[in-house]
Amino acid sequence: MIFSNKRSRQILRHAKPAGGSSSPNCHHLFSWYMIFNLTELLLFHRQEIMKWNGWGYNDSKFIYNKNGQAEFTGKRYRLSGMIIPGLRDWMESTFGATVQHKTPATPVLNTSAVQPPTLNEAFVEGIKSTGIPFSHDPEDRVFRSHGHCLHEIFPLREGKVGRVPDMVVWPKCHNDVVKTVELACKHNVCLIPFGGGTSVSSALECPPEETRSIVSLDTSQMNRVLWIDEKNLTAHVEAGIIGQDLERLLNESGYCTGHEPDSMEFSSLGGWVATRASGMKKNIYGNIEDLVVHIKMVTPRGVIEKSCQGPRMSTGPDVHHFILGSEGTLGVVTEVTMKIRPVPEYQKYGSVVFPNFEQGVACLREVARQRCAPASIRLMDNEQFQFGHALKPQVSSIFTSFLDGLKKFYITKFKGFDPSRLCVATLLFEGDREKVLQHEKQVYDIAAKFGGLAAGEDNGQRGYMLTFVIAYLRDLGMDYFVIGESFETSVPWDRVLDICRNVKARIVQECKDRGVQFQPLSTCRVTQTYDAGACVYFYFAFNYRGLSDPLHVYAQVEHAAREEILANGGSLSHHHGVGKLRKEWMRETVSDVGLGMLKSVKDYVDPNNIFGNRNLL
Amino acid sequence: MTNTYRDVGVAGQQDEEDFVDILEERRLSSDLGFALRTFSPQLHKGSPPCSSAELHRAVLESQYLRYVTKEVAMETGSCEQEVREEVCGILGEMSQNLQLRFIRLMAYMMTKVFKTVFSAIFVNVEGLNMLQQATQENPVILMPNHRSYIDFLVISYIMFSYDIPVPVIAAGIPLAGMKIVGEILRRSGAFFIRRAIGSDRLYWAVLSEYVRTVVRKGFAPLEFFVEGLRSRTLKSISPKLGMMHMVLEPFLKGEVYDITLVPISISYDRVLEESLLAHELLGVPKPRESTMGLLKASSVLQENYGSMHVNFGRPLSVRQLCEGKINRCQYNLTPRDLPQKPSADVQACVSWMAHLMVRIQEEGSRISPWSLMACLLLQTPATVLTEQGLLWHRLTEKTLWLRRLALDFGAHLNWPEQIPDSDVLLSTLALHRTVVHQKAGRVFLVWGGEPEGRHPVSPEEGVMRTAAAALMLVSYRNQSLHVFVRPALLATAMSVTKSTERDDLLAYFCFLQDVFSNEFIFIPGRSSQDFEEAGYLLKKCKAVHISQQEVTVSDSGLEVLSFLQELLKPFINSYQLMFRYLCEDADQIFTEKQFLHAVRTLATNAVLSGELDTYEVLSSNVQKNVLSALQRLRMATKVKRSENEEYKVDRAAVGRAGDVLSGKVPPQVLRATPAARL
């Protein structure tokens with residue numbers, strides 16, 4: 001059966017908010033309580049509530065209101081409905097992006113711009129006979145044709161659509177996937193698994209050279225928590241579940257996974273496994289590879305899974321590691337057993353101001369050395385600190401603004417911090433109350449040794465909120481000639497400062513050399529600490545007014561920045577993955593033999609390249 | 001490898017007008033006022049000032065030195081504390097102690113000296129502006145050529161005048177030994193390096209960490225002479241690579257974003273040390289640097305030395321120079337603090353870059369009329385110059401001809417435009433009256449210190465005296481040699497091979513470059529471009545016709561070609577003589593000292609018998625260059641026997657090389673160590 005658009009619209013219209021008002025103690029920055037569970041409502045047509053050519057929910061975006069002030073619309077986030085007085089000035093002073101120069105996006109997809117589907121009739125017949133829902137509606141297909149790289153979103157805003165999947169299928173369970181993959185093998189169609197669609201590595205792009213019918217396998221209907229094992233603290237979950245739903249469902253039973261990647265509102269469990277995702281609170285809960293106990297994946301060769309749930313095994317190379325990071329090239333992850341933890345009793349944000357970035361990094365390094373990192377610790381550089389400031393919502397009382405003034409005075413005048421050099425670390429502690437407080441003291445004591453001053457819970461919390469809204473901000477930028485993106489790496493401790501300085505400088509220089517007329521924003525933060533190194537995130541954006549091919553310039557600069565990262569001892573990726581965007585560097589990254597190993601696994605598992613997204617290799 | 005110094009940007013493209021005489025203002029205002037001027041240079045962004053004590057500490061506490069200390073302690077069996085103390089000792093001996101008040105003191109004293117000694121010190125303001133900009137962006141390395149002791153502080157003096165941070169300067173340790181002066185230099189930013197460090201691992205470690213720390217911290221530019229020492233011959237010296245490696249490492253390892261190299265060409269009309277130099281080359285030892293010596297030499301300061309040009313070249317980005325030549329990922333797998341032998345690509349690139357810098361220094365230098373005159377005087381038989389004299393108007397005519405040729409070849413001349421040419425040449429002659437003098441319309445060589453002095457005691461001494469005067473001429477000729485050397489190699493190839501085939505000429509051209517690359521600076525791996533360039537220049541001055549396969553002499557080309565051939569002849573003849581000696585008479589194994597002595601005797605006799613018409617072979621510089629060249633070409637090896645270092649020569653190979661040089665045998669490709677080539 002083909003799921004009708006009409007039906008889903010009706011469902012949406014009748015949907016009512018499930019919860020009431022936000023609880024003041026709600027520690028999450030976006031609200032679980034909101035209206036609907038993405039997947040529960042059979043969200044076949046996600047474009048109904050999500051942007052088809054931008055980030056996130058349709059109702060949430062930055063706009064300049066009637067008074068010319070920046071405002072964040074909607075009701076979903078803490079920032080929603082608020083005026084952000086400093087944002088417009090920041091946009092103007094940082095990018096030279098003024099309200100006069102607008103580049104609005106095409107509001108509605110022109111379906112005639114979408115190529116008619118190349119259907120494999122035999123496969124379609126097969127799917128029909130299994131009863132698995134499918135569609136070749138242009139909107140459904142376009143929505144699943146891309147991730148969120150700049151070069152994927154930018155053309156969509158201009159109404160340009162490239163190669164898109166010819167068909168979308170929605171298997172509802174593991175067995176549906178088995179049937180779909182069997183049919184695909186039998187009729188030689190290309191399958192591209194699709195989870196949350198938040199990829200930033202061109203992983204979801206349809207290879208232009210692919211001549212077979214491309215079928216997007218949307219996992220969103222496999223979204224159940226199948227069981228919770230309270231004795232072993234594990235949960236068995238279908239891999240299509242979206243992060244926020246998983247967390248909410250487990251919370252109902254008093255548990256959590258603690259896995260919170262920045263994209264968790266939209267990304268799926270299967271996607272995490274397929275890209276080796278990393279969560280903000282990995283210091284307590286671990287990254288995805290530490291969290292999974294058991295994985296089930298359907299491949300053209302059949303189903304791969306382990307026979308038991310032993311917490312660790314010495315049985316040759318861990319086959320899970322063929323799956324983790326396979327980026328949809330080997331099969332579809334259908335079910336995962338994950339570790340769970342009781343919801344922590346107490347959570348506390350915090351922040352520390354450092355006189356400069358060097359001191360901040362030294363502090364993070366010491367925290368890592370003493371292995372006392374809080375659930376999350378992140379260090380923003382000065383540009384991001386200023387950016388964070390620009391995103392402060394309008395303060396409601398004179399008292400608050402007075403307090404802010406006092407704080408600023410204390411830090412810059414009394415403590416002598418240079419406002420153009422200081423930087424901020426944001427912290428999140430979790431656990432039982434007493435331990436959290438103890439832990440907090442330990443970390444603040446270390447910070448003090450590096451000239452750090454505690455700067456309050458509020459600043460910390462706002463820092464984490466920015467993580468979720470920063471993606472929305474790119475859409476505002478794109479409305480006003482500003483394009484940008486983030487990319488990440490991991491690097492040994494002794495290289496952190498050097499890589500930050502060099503990559504930022506390289507970006508500025510490349511922009512200049514390539515004729516970018518405005519000073520770019522080139523900033524970074526250290527987002528994760530490990531025993532032997534850290535994860536560094538770079539943000540890079542510029543005003544492209546005056547450039548004839550901004551995307552090309554952007555791609556060249558990003559390419560140069562990646563070269564610089566590699567030349568400075570950074571990795572190709574910490575958690576975004578390789579996709580097609582970075583695969584040119586795979587050989588030098590893993591060596592000839594390494595690449596050969598991966599290739600031979602691919603050749604064995606999927607000799608006909610059914611999973612033909614051409615990522616990684 | 002298409003990168004050339006031309007692509008990169010040649011220093012000194014500026015016109016004469018851009019040069020400003022910095023002494024002009026000094027002559028008009030108070031010296032004390034100048035010394036006490038407000039000095040507020042803009043420092044490179046983000047790098048706070050760094051006292052010498054802080055620098056000291058940073059070096060001492062570096063992971064690298066701690067590691068090497070431990071290793072040395074293990075090797076020598078001494079305790080770590082002892083080695084650490086040794087490190088402190090080395091550091092104490094080495095380190096600079098830059099203080100503004102001493103810069104002011106220097107500024108005061110030097111203003112006094114410069115005003116009496118020089119008629120002008122010209123600097124190119126545009127270059128200084130670029131430098132000032134560069135100091136604010138990245139760590140800057142100032143790389144002047146080294147011709148005189150004056151070079152040493154003149155840069156700091158100029159920096160001080162133009163509000164640019166004064167540099168930390170690498171200097172030879174003998175200067176540190178001078179009473180008071182050593183300390184003044186130290187406080188003016190000099191740090192001192194021992195000569196012949198050899199295999200003293202600890203010393204290398206301290207020095208390299210010191211240099212790297214200066215570069216990393218970026219609190220002041222670093223100045224060093226890439227040629228390694230003062231050129232006694234006024235000719236560029238093949239660059240030394242050790243310091244270059246140290247300086248570049250912070251970039252290669254990603255510790256700084258980029259490093260800016262600023263080639264600086266210092267040209268003198270007349271060098272203060274001129275007569276000292278010639279004698280040194282003839283084997284009279286150089287006086288030890290001492291404060292007393294300096295005071296004694298102050299009589300030197302009574303004379304006029306004409307003007308001085310300091311040309312600041314366009315700042316070069318190391319990052320750009322290394323692009324595509326070095327894979328920086330090679331430092332990813334070992335901690336950067338650990339000692340690591342540079343890989344082949346790094347060695348090749350560093351060598352290339354060092355040679356490039358020397359070439360840019362050459363290109364940026366200003367050539368005086370005197371240097372052109374010296375070229376011509378040396379092509380006149382010595383007897384003419386000492387006995388009957390050279391007709392002045394003939395010399396004038398030829399000099400003006402050579403000026404046109406030099407301009408055709410792209411040289412930058414220091415030739416005042418507003419003054420009639422004859423006056424220019426006369427004043428040039430007057431400036432160099434210690435070398436030549438004019439009487440009755442004829443020019444004579446000043447002989448043995450006095451014009452037409454008494455008759456010599458012995459013929460040998462006569463040779464030495466003429467040689468002393470000739471070597472002074474040689475030095476000044478050397479100032480312009482780089483302009484002519486590439487076309488001269490081609491001209492020589494044409495006459496020796498008697499071929500017009502490009503391929504034959506190129507083969508011989510490359511052979512000459514291989515043999516003479518201790519004499520002239522050739523950028524490694526650029527032979528065929530150099531060949532093209534030579535052809536282009538000869539064609540430009542209408543000396544040759546060039547087709548796809550052939551290079552032929554044009555009707556009017558003989559004058560140019562024979563001048564160029566004559567220019568190289570002293571080198572070819574000297575090398576021939578020594579090659580012959582090595583494969584016929586010399587012992588198979590000898591020390592450098594034995595070799596120098598034997599060659600000197602042989603050459604003196606050859607000159608006396610009229611067999612040899614050049615005095616250049618008497619220069620210890622040429623003699624040592626031959627030894628280095630043979631070693632480089634693997635025709636000689638250095639062996640260590642008891643106390644002495646000895647040379648062992650492959651006679652057959654040297655004989656073959658001699659045969660090729662004289663054109664008896666066509667060249668087979670001689671190749672120097674591959675690492676030096678890209």
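Residues numbered from 1 in each chain as written. Chains lettered and ligands numbered in written order. Predicted model: local features only at pLDDT ≥ 70, side-chain atom pairs only at ≥ 80, totals over all residues. Heavy atoms only, no water.

Attention now goes to unusual backbone geometry. Residues and elements named next belong to chain A. Of note, the phi angle at R371 is positive, near 50°, even though the residue is not glycine. With respect to the helices, strands and loops of the structure, R371 is situated in the loop between α12 (357–369) and β16 (376–380). For R371, a relative accessible area of 64% translates into the label exposed. For N609, which is not glycine, the phi dihedral falls at a positive 50°. Among the secondary structure elements, N609 is positioned in the segment after α19 (586–605). (Helix = DSSP H or I, 4+ residues; strand = E, 2+ residues; numbered from the N terminus. Buried < 20%, exposed > 50% of the residue type's maximum accessible area, 1.4 Å probe, protein only.)

The next thing to look at is the sheet that holds strand β17 (residues 589–591) of chain B. Residue and element names in this part refer to chain B. The strand order across the open sheet formed by 3 strands is β17-β19-β18, and the pairing between neighbours is antiparallel. Edge strands, defined here as strands with exactly one partner in the open sheet, are β17 and β18 (636–641). Direction aside, neighbouring strands of the sheet carry axes that sit 35° apart on average. Contacting β17, β18 and β19 (644–649), helix α27 (residues 620–632) runs over the sheet at an angle of about 100° to β18. (Pairing = 2+ DSSP bridges. Axes fitted to C-alpha atoms, helices over the stretch in contact; angles between N-to-C directions. Contact = heavy atoms within 4.5 Å.)

With that out of the way, let us pick up the environment of S371(B). Residues and elements named next belong to chain B. Its place among the elements puts S371 in helix α18 (residues 369–377). In this structure, the C-alpha to C-alpha distance between S371 and Q479, residues 108 residues apart in sequence, is 6.3 Å. When near neighbours in sequence (up to four residues on either side) are disregarded, S371 contacts Y476, R477, Q479 and S480.

Turning our attention to the nonpolar core. Side chains of nonpolar character tend, in soluble globular proteins, to be buried together. Residues and elements named next belong to chain B. The biggest cluster of nonpolar side chains holds 160 residues, and the ones touching the most others in it are F118, V310, F484 and F563. When residues in this core are grouped by element, the largest group, 21 residues, is from helix α22 (residues 459–497). Once residues within four sequence positions are removed from consideration, F484 is found in contact with L372, L402, L405, A406, F409, F563, L564 and L567. Counting residues in each nonpolar core, the second largest holds 63 residues, with F191, Y210, M353 and I521 among its members. (Core = buried A, V, L, I, M, F, W, Y, C linked by side-chain atoms within 4.5 Å.)

Residues and elements named next belong to chain B. Taken as a whole and judged by the stated rule, the model has 13 cavities of 30 Å³ or more. Lining of the second largest cavity is provided by 22 residues; of these, R147, L234, N478, Q479 and H482 occupy positions nearest its centre. Of all the elements in the fold, those that place two or more residues in the lining of the second largest cavity are β7 (260–268), α17 (344–364), β10 (366–367) and α22. The leading source of residues in the lining of the second largest cavity is α22, at 5 residues. Considered class by class, the residues forming the lining of the second largest cavity number 9 nonpolar, 8 polar and 5 charged. (1 Å grid on protein atoms, 1.4 Å probe; cavity = no way out; pocket = protein on both sides within 12 Å on 5 of 7 lines; lining within 4 Å. Points joined across faces, edges and corners; volume = space filled by probe spheres on them. Nonpolar A, V, L, I, M, F, W, Y, C, P; charged D, E, K, R; others polar.)

The next point concerns the pattern of salt bridges. It is possible for side chains bearing opposite charge to pair when their charged atoms get close. Taken as a whole and judged by the stated rule, the model has 73 salt bridges over all chains. Note that K296(A) and E335(A) form a salt bridge whose closest N and O atoms lie 3.3 Å from each other. One end of the pair, K296(A), is in strand β11 (residues 292–299); the other, E335(A), is in strand β13 (residues 332–339), with 39 residues separating them in the sequence. Across this residue pair, the class does not change: K296(A) and E335(A) are buried. Note that E183(B) and R186(B) form a salt bridge whose closest N and O atoms lie 3.7 Å from each other. Taken as a pair, E183(B) and R186(B) lie in helix α11 (residues 181–187) at a separation of 3 residues, close to a single helical turn. For E183(B), a relative accessible area of 34% translates into the label partly exposed. A relative accessible area of 14% places R186(B) in the buried class. (Salt bridge = Lys/Arg side-chain N within 4 Å of Asp/Glu carboxyl O.)

For the rest of this paragraph, the subject is the domain arrangement of chain B. Size of an interface, as often reported, equals the accessible area lost when the parts are brought together. Residues and elements named next belong to chain B. Each domain of chain B was delimited in the assignment, giving domain 1 (19–31 + 44–363), domain 2 (369–479) and domain 3 (484–669). When each unit is reduced to the centre of its C-alpha atoms, the spacing between domain 2 and domain 3 is 25 Å. Listed by partner, the interface residues are 22 residues for domain 2 and 22 residues for domain 3. Surface buried jointly by domain 2 and domain 3 totals about 1,900 Å² across both partners, of which 77% is contributed by carbon and sulfur atoms. Looking only at domain 2, the three residues that lose the most surface to domain 3 are Q379, F409 and V463, adding up to 32% of its buried area. (Domains from an automatic or database assignment. Buried area = accessible area lost by both parts, 1.4 Å probe.)

All right, on to the interface of chain B and chain A then. Chain B puts 12 residues into the contact, and the matching count from chain A is 13 residues. Of all residues in chain B, Y257(B), R328(B) and R336(B) bury the most surface against chain A, accounting for 48% of the area lost on that side. The tally of links between chain B and chain A comes to 4 salt bridges. Where chain B packs against chain A, one counts 14 residue pairs in polar contact (both at pLDDT 80 or more). Its residues assigned to classes, the side of chain B that touches chain A comprises 4 nonpolar, 3 polar and 5 charged. (Polar contact = N/O pair within 3.5 Å; in protein donor to acceptor, adjacent residues only side chain to side chain.)

Before going further, it helps to spend a moment on the UniProt feature "domain: Phospholipid/glycerol acyltransferase" (unreviewed entry) in chain B. In this numbering, the UniProt entry assigns the feature "domain: Phospholipid/glycerol acyltransferase" (unreviewed entry) to residues 140–269 of chain B. For residues 140–269 of chain B, helix accounts for 38% and strand for 19%, while the C-alpha atoms at its two ends are 28 Å apart. (UniProt positions renumbered as here; feature names shortened; annotations may be inferred.)

An α-helical turn contains 3.6 residues, so a residue and the one three or four places further along point in the same direction. All names here are of chain A. Spanning 23 residues, helix α16 (residues 457–479) covers 33 Å between terminal C-alpha atoms, matching the ideal 33 Å at 1.5 Å per step. The largest bend in α16 comes to about 45°, at F468. Most of α16 sits inside the fold, with 19 of its 23 residues counted as buried. (Expected span 1.5 Å × (residues − 1). Bend = angle between axes of the 7 residues up to and from the residue.)

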